[in-house]
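Residue-level listing of the chains:
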Amino acid sequence: MSESLALMPWPRRVTRTDAALLLNEPQWSIEWAGVRTLRLERTIARFAERMARASGAGARLTIECAAASAPYPDLDDDESYTLEIDTEEARIKAATEWGVLRGMATLVQVNAAARALPGVSIADTPRFTWRGLMVDVARHFIAVGTLLRTLDAMALVKLNVLHLHLSDDQAFRFGGRTFPELAALGSDGNYYSEGDLGEVVMRAAELGIRVVPEIDMPGHTTSWLAAHPEWGAIPETREPSQRFGVHPACLDPTREDVYDALAQLFDDVARVFPDRFVHIGGDEVNPQWWSESPVIQRFMRERGLADADALQSYFNGRLADLLIERGRMMIGWDEIAHGDLPRTSVVQSWRGGPSRDRAVAQGFDCVFSAGYYLDFFYPADLHYAYDPESSAEELVRLDERVRADPRLAHVREGLGWAAEFAGRALTGVAAGVAPPGRVLGGEACIWAELVTDDVFEVRVWGRLPAIAERLWSPKAVRDEDDMYVRLARMRPLLRHGAELDIAARQRMLFASIGVDSTEFDSLRPLLDAIEPTKWYSRLLGAAALQARVAGSTAQVERPYTVATPLNRVADFIEPASPWVAEFNAAVRAVIDESADDSDRRLLLEAAAGWRRQVAAVRAVGARVPAIAELEPISQRLATLAEVIEAALTEHVGRAHRTAVAAAKDPIGELLIAAVPALDDWVHAA
Ligand code: TNX
């Protein structure tokens, strides 16, 4: 399908022609055929400059925009465009500025460092109106500069919502003017001023991206109580929490002064964020404090609020009113989908198909996130398979596929537990009470317990373009092999189009622990072959994971807190190695006898590299403890080099199969990610 055009998301309609456009000017020259706005001028110029830098040349670009757009993008905006490239020029035509910007992103992708652009005729329009990335900036602070680069990169893959999770138990990072103490006392000193956020909102608007702020409540609020303990259901002063997991802290939904304060907080939020949606969180409320408080218990009895859900629903209803008074609409996680809530509220579904379907059946519009948790360290194809509009049966099959995936075998028990948990969380489904809601789209989520600003881009961008495609392209665009081929080409694109360089960042990370560039290269065969362990295995650690699987709700100590430095190999490598994706494809080609020379070369080089890395690990490990930790993996890989050689010459024996089997288990928080493909190979051979 991709016929060597590295486009992602793949457009609705692409026609190739022979009319290539030679880039024989030093720069791109912009012609304005329709309206010419300051915003388009600035943004087009910025991208044109980057295109010229990538290819060292330009040509004529005609922009034909029918009408200026509102100052800020909105839900259901028209983002369609056409892009024609012929021997004369590139021409982008759209009804709105937003459409022009999407067309520009496609042109930057077509441009991809060439001296001539292929002739194309593209007509494109998104499948979903809400195509987001949620960034948890509470667990660890993400710098404004990183957010700005993230926006540039989002625009390149046509994502249009940046959702900022601004507060949680560990920090309150919204530095509003009415309650500056919330962030000052409720964080480690890292928070965003109104000015910082204004800059993010401005850049986003220039790129046609909405910014949706989340202030998570009534749970996940430990950090608020450092400054305002009186707002807590149990009015005790708390420090922002250092640990992760669900906390007992909860706001007091019975106090009018809490609503007065929230009204002022929403005023601040609304002043900074023009978007019509404000996210109020609402996830994982621990009812403990509410049930321990006699005042709250009496309040519930007096109002006939049967349980914690009903009380949260009362609280959410009050929040919805406050937001409506400010011309805003509410979005919240799954748990807000309660019968009493105004149906203008949107539900962000994180616990899977059943919760999405319950919310939609109750009449709520939905944003689907369940398949798109980037913090799970999953390979891109798993996320890619999830469709916001997959039927309930399809989602069940997808969840089963994930549970059966050999790459996730080491967390199978946990995945089973999670599925059961999500099912149990959904009792009392009230279906058919209203016209059903609409699936607006989806959001990839990066929860940041194990993510710092330093590693953010490495964690996010290797896979996010695949999710962006799922949210933009027609449903039928779903070939995973083709996706991987194009995904690999997003790396150079992000580098020249958004100044986001995953590889360079990774070198810097390794340099920060004393591994210089030459040493990094010598370790590459090993680093390319490994990945962090999946799902919540790192976050929970073995003990907490076992406790969960065993059904215990006890607090089991986890290996990581806010204070744990994230400076080990598992933090620096990519969650899903792009090299492993290539390795897997080569092995598959050999198994089904479609392999070509480049496949065989890749496998031979893998074997050679896996031998070579032994000396490198020993040498660098002598000085750098984080590399010394890799010794057992290094040994296993050396053994697996023999397996590749045996498989290539069809001499696989029992010893080889045993060696592969023995290499399946994680070592610490790392896996040899090439093993599942090798396992298929030695059993096919
Ligand atoms: C649950 S997903 C959460 C987050 C955590 C995440 C991972 C959701 C709405 N809430 O607070 O970061 O699990 O631990």
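Residues numbered from 1 in each chain as written. Predicted model: local features only at pLDDT ≥ 70, side-chain atom pairs only at ≥ 80, totals over all residues. Heavy atoms only, no water.

Moving on: the layout of surface pockets. Reported here for the second largest pocket is a volume of approximately 1000 Å³. Arg407, Val580, Ala581, Asn584 and Arg588 are, among the 47 residues lining the second largest pocket, the residues nearest its centre. The element that contributes the greatest number of residues to the lining of the second largest pocket is helix α22 (residues 578-591), accounting for 10 residues. Class assignment for the residues of the lining of the second largest pocket results in 24 nonpolar, five polar and 18 charged. (1 Å grid on protein atoms, 1.4 Å probe; cavity = no way out; pocket = protein on both sides within 12 Å on 5 of 7 lines; lining within 4 Å. Points joined across faces, edges and corners; volume = space filled by probe spheres on them. Helix = DSSP H or I, 4+ residues; strand = E, 2+ residues; numbered from the N terminus. Nonpolar A, V, L, I, M, F, W, Y, C, P; charged D, E, K, R; others polar.)

In this structure, Cys445 sits in strand β16 (residues 439-446). Each C-alpha atom, one on Cys445 and one on Asp267, is 26 Å from the other, the two residues being 178 residues apart in sequence. Those residues in contact with Cys445, other than ones at most four positions away along the chain, are Met134, Trp333, Gln348, Ser369, Tyr372, Tyr373, Leu374 and Asp375. (Contact = heavy atoms within 4.5 Å.)

Our focus in this paragraph is the sheet that holds strand β3 (residues 60-65). The six strands lie next to each other as β1-β6-β4-β5-β3-β2, forming an open sheet whose pairing is mixed. Looking at which strands have only one partner, the edges of the open sheet turn out to be β1 (13-22) and β2 (29-32). In this sheet, neighbouring strand axes are inclined to one another by 20° on average, regardless of whether the strands run parallel or antiparallel. (Pairing = 2+ DSSP bridges. Axes fitted to C-alpha atoms, helices over the stretch in contact; angles between N-to-C directions.)

As a structural note, the neighbourhood of the ligand is formed by Arg139, His220, Asp283, Glu284, Trp333, Trp350, Tyr373, Trp447, Glu449, Tyr536 and Leu539. Residue Arg139 places a side-chain N or O atom 2.8 Å away from an oxygen atom belonging to the ligand. Glu284 is positioned with one of its side-chain polar atoms (N or O) 3.5 Å from a nitrogen atom of the ligand. Relative to its free-state accessible area of 360 Å², the ligand is covered by the protein chains to the extent of 94%. For the shell around the ligand, a count of residues per class yields six nonpolar, one polar and four charged. (Near = heavy atom within 4 Å. Polar contact = N/O pair within 3.5 Å; in protein donor to acceptor, adjacent residues only side chain to side chain. Areas by Shrake-Rupley, 256 points an atom, 1.4 Å probe, with all protein chains shown as cover.)

Right, let's get into unusual backbone geometry. That bond from Met8 to Pro9 is cis: its omega, 0°, falls within 30 degrees of zero. Here Pro9 is to be found in the segment before β1. Residue Pro218 is reached from Met217 by a cis peptide bond, and omega for that bond is 5°. Structurally, the position occupied by Pro218 is in the loop between β11 (210-214) and α6 (256-272). Phi at Lys158 is positive, roughly 65°, even though this residue is not glycine. Relative to the elements of secondary structure, Lys158 occurs in the loop between α3 (144-156) and β8 (161-165). For His220, which is not glycine, the phi dihedral falls at a positive 55°.

This brings us to the packing of aromatic side chains. Applying the stated criterion across every chain yields a total of 21 aromatic pairs. Considering the side-chain rings of Phe376 and Tyr378, the 5.2 Å spacing of their centres and the 55° angle between planes classify their relative orientation as tilted. For the pair Phe376 and Tyr378, a shared accessibility class is recorded, and that class is buried. Where Phe510 meets Phe572, the ring centres are 5.3 Å apart and the plane angle is 75°; that geometry is what we call edge-to-face. One end of the pair, Phe510, is in helix α18 (residues 502-512); the other, Phe572, is in helix α21 (residues 569-572), with 62 residues separating them in the sequence. Looking at Phe510, the relative accessible area reads 0%, which means it is buried. In textbook terms, an aromatic cluster arises when at least three aromatic residues are bridged by ring pairs, as seen for Trp333, Tyr373, Phe376, Tyr378, Trp447, Trp535 and Tyr536. Just above the ring of Trp130 sits the side chain of Arg210; from NZ or CZ to the centre is 4.3 Å. Over the face of the ring belonging to Phe368 we find Arg356, whose NZ or CZ atom lies 5.5 Å from the ring centre. (Phe/Tyr/Trp six-rings, centres within 6.5 Å; stacked < 30°, edge-to-face > 60°. Buried < 20%, exposed > 50% of the residue type's maximum accessible area, 1.4 Å probe, protein only. Lys NZ or Arg CZ within 6 Å of the ring centre and 35° of its normal.)

Time to look at empty space enclosed by the protein. A complete count under the given rule lists six cavities of 30 Å³ or more for this structure. The volume enclosed by the largest cavity comes to roughly 80 Å³. A class-by-class count of the residues in the lining of the largest cavity yields seven nonpolar, no polar and three charged. In this model, the second largest cavity occupies a volume close to 60 Å³.

Once that is clear, we can look at the nonpolar core. Judged by nonpolar contacts, the single largest core of 223 residues is most densely connected at Trp28, Leu107, Phe583 and Trp610. Counting nine residues, the second-largest nonpolar core is a separate cluster that includes Trp130, Phe277, Ile331 and Leu440. (Core = buried A, V, L, I, M, F, W, Y, C linked by side-chain atoms within 4.5 Å.)

To continue, consider the pairing of β2. Pairing geometry for β2 and β3, over four bridges, is parallel. From the neighbouring strand, Trp32 faces β3, where its bridge partner is Ile63. On the question of chirality, the crossover connecting β2 to the parallel β3 by way of helix α1 (residues 38-55) is left-handed. (Right-handed = clockwise from strand over helix to strand, strands pointing away.)

Our next topic: helix α26 (residues 654-662). Those residues of α26 not exposed but buried are His656, Ala659 and Val660. Projected onto a plane normal to the axis of α26, the buried residues spread over an arc of 95° and lie on a single side. Exposed and oriented more than 90 degrees from the buried face of α26 are Arg654 and Ala655. On the buried face of α26, the contacting elements are α25 (631-648) and α27 (675-684). (Arc of directions from axis to C-beta.)

Tallying each qualifying case throughout the model produces 53 salt bridges. We note a salt bridge from Asp152 to Arg50, for which the minimum N-O separation is 3.1 Å. Note that Asp152 is positioned in helix α3 and Arg50 in helix α1, a separation of 102 residues in sequence. Judged on exposure class, the residue Asp152 and its partner Arg50 are both buried. Note that Arg318 and Glu256 form a salt bridge whose closest N and O atoms lie 2.8 Å from each other. In this pair, Arg318 is assigned in helix α9 (residues 308-325) and Glu256 in helix α6, connecting sequence segments 62 residues apart. (Salt bridge = Lys/Arg side-chain N within 4 Å of Asp/Glu carboxyl O.)

Okay, the side chain of Asp405 next. Tracing the backbone through its elements, the reader meets Asp405 in the loop between α12 (392-404) and α13 (412-424). With a relative accessible area of 7%, Asp405 lands in the buried category. Separated by 2.7 Å, the side chains of Asp405 and Arg407 make a polar contact. The contacts of Asp405, once residues within four sequence positions are left out, are Leu382 and Arg412.

In this fold, Gly145 is placed in helix α3. Judged by relative accessible area, Gly145 falls into the partly exposed class, the value being 37%.

Tracing the backbone through its elements, the reader meets Arg177 in the loop between β9 (174-175) and α4 (180-185). In the structure, Arg177 is positioned 91 residues away from Asp268 in sequence and 6.8 Å away in space, judged by C-alpha atoms. Residue contacts for Arg177: discarding those within four places in its chain leaves Glu194, Asp268 and Arg271.

In this section: helix α8 (residues 294-303). For α8, the complete set of buried residues consists of Ile296, Phe299 and Met300. For α8, the arc enclosing every buried residue in end-on projection is 100°, short of the 170-degree limit, so these residues lie on one face. Opposite the packed face of α8, turned more than 90 degrees from it, sit the exposed residues Pro294, Arg301 and Glu302. As for α8, its buried residues are in contact with α7 (288-292) and α9. Gly304 sits one or two positions beyond α8 and adopts a positive phi of about 65°.

The quantities given are spatial measurements derived from coordinates; they are silent on function.
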